[in-house]
Amino acid sequence: MNHPLNMPISNETQEFSLLDKKPLVTYAGDVDLFKSLEATLANSLSSEPAEWCRSYNRGSKSVKVTAEFTPFQNDCLPKEGDWRLLQQPVFHTFWTQCSDMEMYKASLREEIESWLKVLSHHNVLDWMIVLVETYDFRKHNKLLPRTTVLDKIKNDFGAKHADRCLSVINPLRSEMRSGGSWRRLVVNFRLLLLSAYDRLLWNFEEKVRSQRERRTEPDWNFCKYFLLQEELAFVLAMLGVYDEALVQYDELDALFTQFVLNYAVGEVPSWLNKFQGPLDRWHGVSLTQSVDLNLRSAIRNCSISLLDFRCYLYSRQAAMLLLSGKPWEVASRCISFCNNCINELDILEVSCPPGAVACWVWLCCIEVLNTCQKYTDSKVVSACSLYTARLWDCATKKLLELGELCGLLPDQEKSSANLHAVVMLSAGIADSDPSEKLKHALSSKDAFTKEYLELAELAMGTYKHIGRIRSARMIGLDLASFYISMKDLTKAVSFLSSALRTYEEDNWPLLALQCQLKLAKCYKEMDDLEKFARMCASIASSPCLDLTTRTHYFDQMTSLIYNTTDAPWRFPLSDCIQIISAEVVTLEENLAVEAILELDCRLPSQFIVKSIAVSVEQLKTQPDNRGKRNSLIPQENHARSCCEENAFLMKLPIQESFEYQQDGSLGSVSVVCKNQKHHLKRQDSQGGRNKRLVSVPKGDFSQSLILKDPELKPGRNRLVLKSKINCSGTFRLGQVCVEVNNRLELLSTTISPRLYFTAIWKSPSVNLEKSSEGSLLVGVEERVKLVVSTNSQILPENSHVQVICSGGLLIKADDDSKSDFQKEITLPVKSCKPHENLTIPVTLLSQMVQQKDASLTADHTICVILPSCDKPIEIPTSFHYPFIHSISLQSAALRKFINVLITSYTTFPIKFSNPQLKITNDISSTYQVSLTSLNPSSEQTLCNRTNGRKIITFVWELKVVASEPLSEALAPSLQTQFSIDYCVQNEENAESTKKPLNLNFEVSNYRTLFEVELKVEPKPLKANESSESRASEFCRAKTVCQLTVSVMRAASCTCSSLHYEVLADQAFWAVCGERRAGYLSLESSDKFSVTVDVMPLTSGFLPLPIVRLSKYVGDNAARDPRWRVEPFSRGEVYYRNKASQVHVLVPIS
Amino acid sequence: MAVCIAVIGKENSPKYISCINPSMELHFQYKVHVSLDVVEEKLQAVSKPIADVTKEQYLGLLYSTEEHKIYGYVTNTKIKFIVVVDSSNTLLRDNEIRMMFRRLHSVYADIVCNPFFIPGEVISSKKFDKTVKSIMYGD
């Protein structure tokens, strides 16, 4: 039996396209008739898709049916075992237009019979007989139609297949009428054709399966099996079912892969050896629709190389994918296809010339990329670029590999071996677009460089476009190396820097270090000393490097910064020193602020720097009160430190939470985290935490905390920075500056979270501290303490405090017992720090003076002048009088007494002794006045108010010995001085000495001029009643009585025109009549009486009404404008009845 | 089985990298770093459909090169596990890769449970080392 797979393909061309292939359909019978209808039929078939309902539960497919018609020939029918499906006619038609029954019986039936016989001989069941009729109007009018030819045909041949015998009205003759029948024909044609394929493929698949089952047999050959199953793919592709065709190829791919994998574990089928031949050509894959027949025949001959076979398979898969409109799938499969092939070459131990595989991979990548670039639809492009980036990347790498092999790198010298390699590699590649490109690239250094840079640019751009920055950076690194070899360091540096940035952002120290090492090398060659020094600092601080290398770079850096004369370099502090924590401490006693910095110095050896400073900026406004404030003056001194807080290690503020139901019973208990939003805040969303600092500007260091000449040891350093703060306000810490020397400053970013402190200026204050409770007393030596609080001020060494007292107050330093009380004193004081209290004990004495008013206190001010304080500090103080005194003139008719009253206001006893009253002025020329003391000679004691005497009275009788006539006007006033010794006996001054008290008074009008006598009597009822009877009666309430006012002259005086006025308490007395006030004259006599009607309003002992006597000044008759009433002074008028009462009985009812 | 295993923190910084051949570590660091691109891409694609309760933590093959295949896995806390296997190791099934990740996740969970371990720090644990080595050697 001739094996079908060995049959040569008749087509001699190198390739064929499946798109040109159509299902073959034979025609028999009336050939001319069919020829006339062929074009119409072909058009109608492909006009709309048909549903391909397949047996055995396979999904139905919508298929556009096309057909190629060939005349029926006996030998074109498939023979047993011939599986070249594409060349086989699958459907057979018979055409006739016989309408005559006789003719049918005569020849046509026989003709059909023999046709069907041939078909059935070949087991073909897919046929169709078409009777083409001409529309006959008459025929349709007949009532009983005769048996037609169609009926006969159906009867004879279509017993089981009535749908295979169809009549159709010739569309060419009567287009109008044929529509329905023609459509039926086309639909049936399609269905029958597809069912023919269904049957065919089912049988074929059976065959393929059985072939596959035999794969372990020794004479089984994969190549032959491949071609067999590919026929299936061809048919499916021809029918337009590309996805199923792809499945066939994928199955073949998987099967082959499995064989190769099995080879690795020792299963070696004999056919596989053919694939292991040495590689002599490395044509890239060619992505065309058409089938490469050269390769296919090589498969048939089992003479194909592994790479060629893989290329063929991949190109078929790609063709199916492209036909399905999925170019990105082609790209996505390409990279794994290449990798897989390389892997298989390895497994099968195929010997390949150096560079051959690289060439092949490059060509494949470029071919796929070229194909993808043909698509311009943005959706497709973006779908593709996800995979093309990797392809560009791969192509770039392979080209570099080839360039190195062929000596085309910028720093390579081309050798003959390189030339040989170029020739050898070029010989192995076919003539195609990518191949020409490769040949050109390998032809010269310039062409190679151009091509390489172009590819790398594309790869990088595409990676960036799809957001794969890290991949782009990898290409950047390759490019940097390439540029370094080209001596184009500037470009290399830019690529390395961006890579470094990415690695630092992602915090990959080892990768960052690699970049830094390369960058350092570049900068050194470029003579960019500043950047070189910065790189050295970073490298020296890298934890991923051994100590010797780090020290080497550190030494390089230090030698640079001490030898260069550039302007100062400013590097970010974070390059080599990390701030672990910062803390602000306020030192109140020194008026200073300290910042305690904990720095992690990563440099390999000790680093001597000039200074470390933290800038301090003053805030214009207060920061919000979040406990960040550090007060300089107030005692609350929460030193807040800032260190990185690990969110994972923070204790959550969890609280109990009780939920009560409506009736008040406990519903549920839970724990709740307050402020959970703050704690659950995503930290990674902040992003860029590891951002590399390019440069840090130097802030304002005019105010700063500073530490001079510190030593930074490797590892943790605890440094205390100090500063005096000279003004008040709220401050916050800014950035840290490590000044290494004049050439280098390391600057940090602003310390975060911000640290604040507040400085408050408080001026010194002085307080008066009493030694005991109670108030200070006038006239007593009071020991007090002046307490000076320095606050924000300092008292320097050898300073003096000056104390000045206001008038009436004297002061004496306690330790200075010799000197007397003074108005002001100057005291030496010891030096004092801020916020210290200085106590100065002094004794104060407020002098007892004559009291001008009734106030019980004497107010004084003490002024303290501190040396460093420009303003004197005033302390207002009040002293209480321990007692008050008063003096009065008392009269008893004509006798006069001087009464001195002393009232105590203390809680302790005061002793008085030796009271004396003296007249100090000289009045002896007119008067002789004497004072007679009526006081006891013993000492008198005033005790406190509760248990003892409160008041002491001293009395002197004033006697006037008048030598001159009494008619003289007024007696001259007396100046008297009262003197007494007092001794305060409080707790402090128990043994105090007696102190003299001298008081001056003036005594005037001390002679009685008039006496007034009052008498209240019941009023006589009748005029004739005798006075005896009247006298025995009593005054009764509500009865008018008689008030008799008698005024008598007591001593001679010029004044005789007087005015009287009866003043009665209106509660007791009603004064009646016009004579309640009036004028009286004592010119004629020395006595004058007037009677006034008064009525007592109530009963009982009533005080008598008061009569006020006044004198007239001036002359009424002379119309003197000064004429007026003037009261007498106390002592001039003696009222006899003062404080006397009259008994008033209840009224008679 | 694997040639390199890496644990990457949620901020994409390496927390642990171990290779069978320590001299290759730098090479693998580059590879693992590049693979983070694909991890991020996949995570973004995953995050789009909302509320997928049973989120697949296994990310599958991230990318392959001639020599290596790189697989990824991400925990709910965005800790990434990267496993690099040799491309020539054709017998390795997807299931076995998943198994490796599951073991890795479990031993990582143990590490995090240690009260002395500060989350976010580089992992240095003998136990972790030992387990990772045993995963790499396929024990």
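Bear in mind that the values here come from a model prediction, so they are computed numbers and not experimental data. (Residues numbered from 1 in each chain as written. Chains lettered and ligands numbered in written order. Predicted model: local features only at pLDDT ≥ 70, side-chain atom pairs only at ≥ 80, totals over all residues. Heavy atoms only, no water.)

Caption draft 1: Broad picture of the interface of chain B and chain A. In this assembly, 29 residues from chain B lie in contact with 32 residues from chain A. Roughly 2,800 Å² is buried in total at the junction of chain B and chain A, and carbon and sulfur atoms are behind 56% of that figure. Taken as a group, Y30, H33 and E66 of chain B account for 25% of the area that chain B buries against chain A, more than any other trio of residues on that side. Counting the contacts that link chain B with chain A gives four salt bridges. Remark: the boundary between chain B and chain A carries 13 residue pairs in polar contact (both at pLDDT 80 or more). Elements with a minimum of two residues in the side of chain B that touches chain A: strand 2 (14-19), helix 1 (25-47) and strand 3 (58-64) of chain B. Ranked by the residues each element gives to the side of chain B that touches chain A, the list is headed by helix 1 of chain B, at 12 residues. (Contact = heavy atoms within 4.5 Å. Buried area = accessible area lost by both parts, 1.4 Å probe. Salt bridge = Lys/Arg side-chain N within 4 Å of Asp/Glu carboxyl O. Polar contact = N/O pair within 3.5 Å; in protein donor to acceptor, adjacent residues only side chain to side chain. Helix = DSSP H or I, 4+ residues; strand = E, 2+ residues; numbered from the N terminus.)

Caption draft 2: The arrangement of the pairing of strand 6 (residues 89-96) of chain A in detail. Residue and element names in this part refer to chain A. Summarising burial for strand 6: eight of the eight residues are buried, a large majority. Note that strand 2 (residues 24-29) and strand 6 share six bridges and pair parallel. For Y27, the partnering residue across the bridge sits in strand 6 and is T93. Two elements, strand 6 and strand 7 (residues 127-133), share five bridges in a ladder whose sense is parallel. Pairing of H92 across the sheet is with W127, part of strand 7. Handedness of the crossover joining strand 6 and strand 7 through helix 2 (residues 101-121): right-handed. (Buried < 20%, exposed > 50% of the residue type's maximum accessible area, 1.4 Å probe, protein only. Pairing = 2+ DSSP bridges. Right-handed = clockwise from strand over helix to strand, strands pointing away.)

Caption draft 3: Summary view of unusual backbone geometry. For K487 of chain A, which is not glycine, the phi dihedral falls at a positive 65°. Assignment of secondary structure puts K487 of chain A in the loop between helix 15 (469-485) and helix 16 (489-506). Non-glycine residue N12 of chain B carries a positive phi angle of around 75°. Summarising the element assignment, N12 of chain B is placed in the loop between strand 1 (2-8) and strand 2. By relative accessible area, N12 of chain B is classed as buried at 6%.

Caption draft 4: Quick peek at the sheet that holds strand 31 (residues 857-865) of chain A. Residues and elements named next belong to chain A. Sheet architecture is open: five strands sit in the order 25-32-31-27-29, paired in mixed fashion. Edge strands, defined here as strands with exactly one partner in the open sheet, are strand 25 (776-777) and strand 29 (824-829). Summarising the sheet, strand 25 and strand 32 (residues 873-880) pair through two bridges and their orientation is parallel. Each bridged residue has a counterpart across the sheet, and for L777 the counterpart in strand 32 is H880.

Caption draft 5: Broad picture of the pattern of salt bridges. This structure, assessed with the given rule, holds 40 salt bridges over all chains. For R209 of chain A, the salt bridge goes to E206 of chain A, with nearest N and O atoms at 3.1 Å. Note that R209 of chain A and E206 of chain A are positioned in helix 4 (residues 175-213) at a spacing of three residues, about one turn of the helix. By relative accessible area, R209 of chain A is classed as partly exposed at 32%. For E206 of chain A, a relative accessible area of 40% gives the class partly exposed. With a shortest N-O distance of 3.0 Å, K698 of chain A and E745 of chain A are connected by a salt bridge. On the criterion of sequence distance, the pair formed by K698 of chain A in the loop between helix 20 (676-679) and strand 18 (704-708) and E745 of chain A in strand 22 (residues 744-750) is long-range, its members being 47 residues apart. By relative accessible area, which is 30% here, K698 of chain A ends up partly exposed. Judged by its relative accessible area of 7%, E745 of chain A falls in the buried class. Here the residues in one salt-bridge network are R470 and D506 of chain A together with D37 and E40 of chain B, joined through shared partners.

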